[in-house]
Amino acid sequence: PLSALNASVELILDEISAMSRAEIVELLNSIHYSVTALQTLIDNLLESTSIEAGHFRIRRRKVNLNNVIAEAVRVIDPLLRRRHQRLLVHEPQHMPVASLDPTRITQVLVNLLSNASKYSPMEEEIELRVEWTEGEPLYFSIEDSGPGITDPEGQNLFQRFVRLGEKDGAQYGVGLGLFVVKSIVEEHGGQVGVSNRESGGSIFWFTIPMEGNLS
């Protein structure tokens, strides 16, 4: 992302007097995407270092889950726009107030949505579902239209530095995103997993226990 960011800025500086408004907007959108990708990469590197050093802690507080989801959608929007994808969000009519670390859960959603976008074809739909029944954990799932997960991949995906697509040459990131996702979810007392969609693609899911939360 840093190389793309630098190239876009240099082009604007060198050619802005001869560029149309549409061309400038296109480059600014590219810069926005690159900054978002770079921020996500840095966040994952910092979290991974903290986890490995044994200093990782979550900071719970009562939060409105709608706000957490909205922030994740805002962060991921440049990537979706770049790939002409549509995100469908399905939420329960009554969303509970939850005791969790909003920054870390936002990071979990951004990592999973980012993967869903990168591995799905352009102009496809991605679905984010949040389900909750009183007395049960919160259940989040992200459904994509990508190539799906083979059994051996599924067993190792949430380990550090494991990346999808290494066999076909399509590699994304440095393999820390899902490791960070698993660590954050488990620190909340939840579980994380992946399965294949019947119609093709993958479903990445995680749960957050609601014990002690207010509804």
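The structure we're discussing is the one just above.
The sections below set out a description of the structure shown in this document. (Residues numbered from 1 in each chain as written. Predicted model: local features only at pLDDT ≥ 70, side-chain atom pairs only at ≥ 80, totals over all residues. Heavy atoms only, no water.)

**Re the packing of helix α3 (residues 65–82) against helix α4 (residues 102–119)**
Describing two packed helices takes the angle between their axes plus the distance from one axis to the other. The contact between α3 and α4 brings their axes to 9 Å, and the two run at 35°. Both α3 and α4 take part in a crossing whose hand is right-handed. Of the residues in α4, those in contact with V68, I69, E71, A72, V75, I76, L79 and L80 of α3 are P102, I105, T106, L109, V110, L113, S114, S117 and K118. Residue composition of the contact of α3 with α4, by class: 12 nonpolar, 3 polar and 2 charged. (Axes fitted to C-alpha atoms, helices over the stretch in contact; angles between N-to-C directions. Helix = DSSP H or I, 4+ residues; strand = E, 2+ residues; numbered from the N terminus. Left-handed = near helix turned anticlockwise from the far one by under 90°. Contact = heavy atoms within 4.5 Å. Nonpolar A, V, L, I, M, F, W, Y, C, P; charged D, E, K, R; others polar.)

**Looking at the environment of M210**
For M210, the location among the structural elements is in the segment after β7 (202–208). A sequence separation of 111 residues divides M210 from S99, and the C-alpha atoms of the two residues are 7.7 Å apart. Aside from chain neighbours lying at most four places away, what touches M210 is P96, V97, A98, W132, E136, P137 and L138.

**Some details on the side chain of Q107**
Here Q107 is to be found in helix α4. For Q107, a relative accessible area of 11% corresponds to the buried category. In this view, Q107 contacts D43, N44, E47, V180 and I184; residues no more than four positions away in its chain are not counted. (Buried < 20%, exposed > 50% of the residue type's maximum accessible area, 1.4 Å probe, protein only.)

**Points about the packing of aromatic side chains**
Under the definition given, this model contains 2 aromatic pairs. Aromatic pair F140 and F206: ring centres 4.5 Å apart, planes at 5°, arrangement stacked. Here F206 lies in strand β7 and F140 lies in strand β5 (residues 138–143), a separation of 66 residues in the sequence. You can call F206 buried: its relative accessible area is 0%. (Phe/Tyr/Trp six-rings, centres within 6.5 Å; stacked < 30°, edge-to-face > 60°.)

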